[in-house]
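Coordinate analysis (summary)
Next come the chains, spelled out residue by residue.
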Amino acid sequence: MVTDSEPAPEMKDVPIGIHRSGRREEFDSMGPVEVPADRYWGAQTQRSLIHFSIGGDRMPKAVYHAYGYVKKAAALVNAAAGRLPEWKRRAIVRAAEETIAGKLDDHFPLFVWQTGSGTQSNMNVNEVIANRASQLLGGALGTQKPVGPNDDVNMGQSSNDSFPTAMHIASVREIDDHLLPEARKLARSIEGKAKEWNEIVKIGRTHLEDAVPLTVGQEWSGYAAQLHACIEEIEHGRAGLLALALGGTAVGTGLNAPRNFSRDVAAQIAELTGKPFVTAENKFMAQGSLDPMVRAHAALRGLAVALMKIANDMRWLASGPRSGFAELLLPQNEPGSSIMPGKVNPTQCEAIVMIAIQVLGDDSAVTFAGSQGNFELNAMRPVIINNFLHSALILADGMEKFRRFSVDGTELNRVKIAKYVDESLMLVTALSPAIGYQNAAHIAESALRNDQSLKEAALASGIVDEKTFDSIIDPLSMVGRGTAGA
């Protein structure tokens, strides 16, 4: 139960901000540290800024927003258990809500390259929420009173269980709110093209060589099916992120957390986020590994692979306008050259390919980092969540731009498509059942060697008469049921 004998101060509606210049003194267990006077963070955040100012990669703000849910849920559960005074709960919850809303983003400055447990980011959140809560209660910043970062904001928690919890929350929110909606929109757009072009026969290509016909709609239905399969895999990977480590504290045993804390805090996070989070059944797995993050990112990698296939096909099929395939007419969004007037390039497709390459690189880092769990902790967490959120963000943004500025406006060069079908030698495949593979092959070889049409070579061979040729060589009859969904 609560043993705090401090009087209950009244919480005031103090606007966010500290209007002071210079520096003020904060402290932690190692002693005093000077911090910027106009910032809410404390000593441990400042120590991290001193020791880990590496590159320009900052911990994603989405992690801190997710941490706001962790701290709010913990305060609610701790107060309900009688461990935290109600007046402290109100102030912590208010500061946590401001964190969730991004109102305190300027006070989360830490770099990705820090302690692998995420302790410094956890303490950054604890310090900012504690100072903001103390400010709301009329306390002096830097005194850790009336609200302390460790004893109050971090009550019942460790960085070892709270950071992976924040990772999962941030990842699920990005998947649900951004990535999956854009993937579904792109799939629907491609499905629309597949239905629109279902009856347009084109020549297929395998090994980059001419093959038998199919319809444009069938080709594009393959793209849509790729995306739907990727969406299913992402949904499957997302399910593993719904199990939360919070409540395991330092090593998974739950030391210093009250009875049922893990269950209650997961239920509280689920209510606050509207996502079906639950407590992880085995906290030793949840803290000693980051396997769910690795599996979820593997699904993002799969999406990147599919998008690369689609974008590469589109830019090849649009190549030209006079010396390429020129089957597709992509939207002309901007000039393509600073020296060649009139040149327009498949820039949205190129951007998707680059995004896919980046995601494959991110996945290599995530996979390698995921393999580095040692005993009761994987201490490679910051690089994993940074890469995961980076991949999810650029995939989602890339798909939105790709859909709007490329897929939606793509049209067919029907004259060119028909010409390729008419000139194709691989239509000879349909003759094989009637005249045999070898005879059909010799007709195709003769047509190519003598620069003849397939029909001219077939009739010259004496093996096929015109009536038989015309009855068999019908491109539309070669495409199966002819439907995009077939």
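See the structure printed just above.
Because the structure is predicted, anything quoted here is derived from the model rather than measured.

Moving on, we come to the pattern of salt bridges. Any two side chains of opposite charge can pair, so long as their charged atoms come close to each other. Per the counting criterion, the structure on display carries 28 salt bridges. One salt bridge connects Arg263 with Asp264, and the closest N-O pair in it is separated by 3.0 Å. We classify Asp264 as partly exposed; its relative accessible area is 28%. A salt bridge links Asp470 to Lys455; the nearest nitrogen and oxygen atoms lie 3.1 Å apart. One end of the pair, Asp470, is in helix H17 (residues 466-472); the other, Lys455, is in helix H16 (residues 454-461), with 15 residues separating them in the sequence. What emerges from the salt-bridge pattern is a single network uniting Asp13, Arg94, Glu98 and Arg132.

Core analysis: the largest hydrophobic core is formed by 113 residues, its most contacted members being Leu179, Ile190, Trp220, Leu303, Met314, Leu395 and Phe402. Here the element with the most residues in this core is helix H6 (residues 159-196); it accounts for 14 residues. Among residues more than four places away in sequence, those in contact with Leu303 are Leu179, Leu227, Cys230, Ile234, Leu395 and Met399. Counting 17 residues, the second-largest nonpolar core is a separate cluster that includes Leu427, Ile435, Ala440 and Leu454.

Within the element layout of this structure, Lys275 appears in the loop between helix H8 (261-273) and strand E6 (278-279). Owing to a relative accessible area of 13%, Lys275 belongs among the buried residues under this scheme.

Before going further, it helps to spend a moment on the packing of aromatic side chains. What the rule picks out here adds up to four aromatic pairs. A centroid spacing of 5.1 Å and a plane angle of 85° characterise the contact between Trp197 and Trp220, whose relative ring orientation is edge-to-face. Taken together, the positions of Trp197 in the loop between H6 and strand E3 (201-206) and Trp220 in helix H7 (residues 216-240) put the pair 23 residues apart, joining distant regions of the chain. With a relative accessible area of 0%, Trp197 lands in the buried category. The rings of Trp197, Trp220 and Tyr223 are connected pair by pair, giving a single aromatic cluster. One Lys or Arg, Arg205, reaches over the ring of Tyr420 and ends 5.4 Å from the middle of that ring.

Okay, the pairing of E3 next. Taken together, the five bridges between E3 and strand E4 (residues 209-215) define a ladder with antiparallel strand orientation. Each bridged residue has a counterpart across the sheet, and for Ile203 the counterpart in E4 is Pro213. Hairpin connection between E3 and E4: a loop of two residues separates the two successive antiparallel strands, and His207 in this loop has a positive phi of roughly 55°.

On to helix H3 (residues 86-100). Helical geometry: 3.6 residues make up each α-helical turn, so side chains three or four residues apart lie on a common side. For H3, which comprises 15 residues, the first-to-last C-alpha distance of 21 Å matches the rise-based estimate of 21 Å (1.5 Å per residue) to within 8%. A large share of H3 lies buried, amounting to eleven of its 15 residues. Buried within H3 are the following residues: Trp87, Lys88, Arg89, Ala91, Ile92, Val93, Ala95, Ala96, Glu98, Thr99 and Ile100. Looking at the buried residues of H3, the elements they touch are helix H2 (61-80), helix H4 (119-136) and helix H5 (149-153).

Compared with an ideal rise of 1.5 Å per residue, which puts 38 residues at 56 Å, H6 spans 53 Å between its outermost C-alpha atoms and is within 8% of the ideal. Residue Ile175 marks the point of greatest curvature in H6, where the axis turns by about 40°. Of all 38 residues in H6, 28 are buried; the element is thus mostly enclosed.

Now for the packing of helix H15 (residues 437-449) against H16. Running from N to C, H15 and H16 point in directions that differ by 120°, and their axes come no closer than 8 Å. Taken together, the axes of H15 and H16 lie oblique to each other. Here H15 and H16 pass one another in a crossing that is right-handed. Of H16, the residues touching H15 (which contributes Ile443, Ser446 and Ala447) are Leu454, Ala457, Ala458 and Ser461. Its residues placed into classes, the contact of H15 with H16 shows five nonpolar, two polar and no charged.

One can describe the packing of H2 onto H8 by two numbers: an axis separation of 9 Å at closest approach and a directional angle of 125°. The orientation of H2 with respect to H8, classified from their angle, is oblique. Note that H2 runs across H8; the crossing there is right-handed. Along the contact surface, H2 presents Tyr69, Val70, Lys72, Ala73, Ala74, Leu76, Val77 and Asn78, while H8 presents Phe261, Asp264, Val265, Gln268, Ile269, Leu272 and Thr273. Residues belonging to the contact of H2 with H8 are distributed by class as follows: ten nonpolar, three polar and two charged.

About the thresholds
Residues numbered from 1 in each chain as written. Predicted model: local features only at pLDDT ≥ 70, side-chain atom pairs only at ≥ 80, totals over all residues. Heavy atoms only, no water. Salt bridge = Lys/Arg side-chain N within 4 Å of Asp/Glu carboxyl O. Buried < 20%, exposed > 50% of the residue type's maximum accessible area, 1.4 Å probe, protein only. Helix = DSSP H or I, 4+ residues; strand = E, 2+ residues; numbered from the N terminus. Core = buried A, V, L, I, M, F, W, Y, C linked by side-chain atoms within 4.5 Å. Contact = heavy atoms within 4.5 Å. Phe/Tyr/Trp six-rings, centres within 6.5 Å; stacked < 30°, edge-to-face > 60°. Lys NZ or Arg CZ within 6 Å of the ring centre and 35° of its normal. Pairing = 2+ DSSP bridges. Expected span 1.5 Å × (residues − 1). Bend = angle between axes of the 7 residues up to and from the residue. Axes fitted to C-alpha atoms, helices over the stretch in contact; angles between N-to-C directions. Parallel < 35°, antiparallel > 145°, perpendicular 65-115°, else oblique. Left-handed = near helix turned anticlockwise from the far one by under 90°. Nonpolar A, V, L, I, M, F, W, Y, C, P; charged D, E, K, R; others polar.

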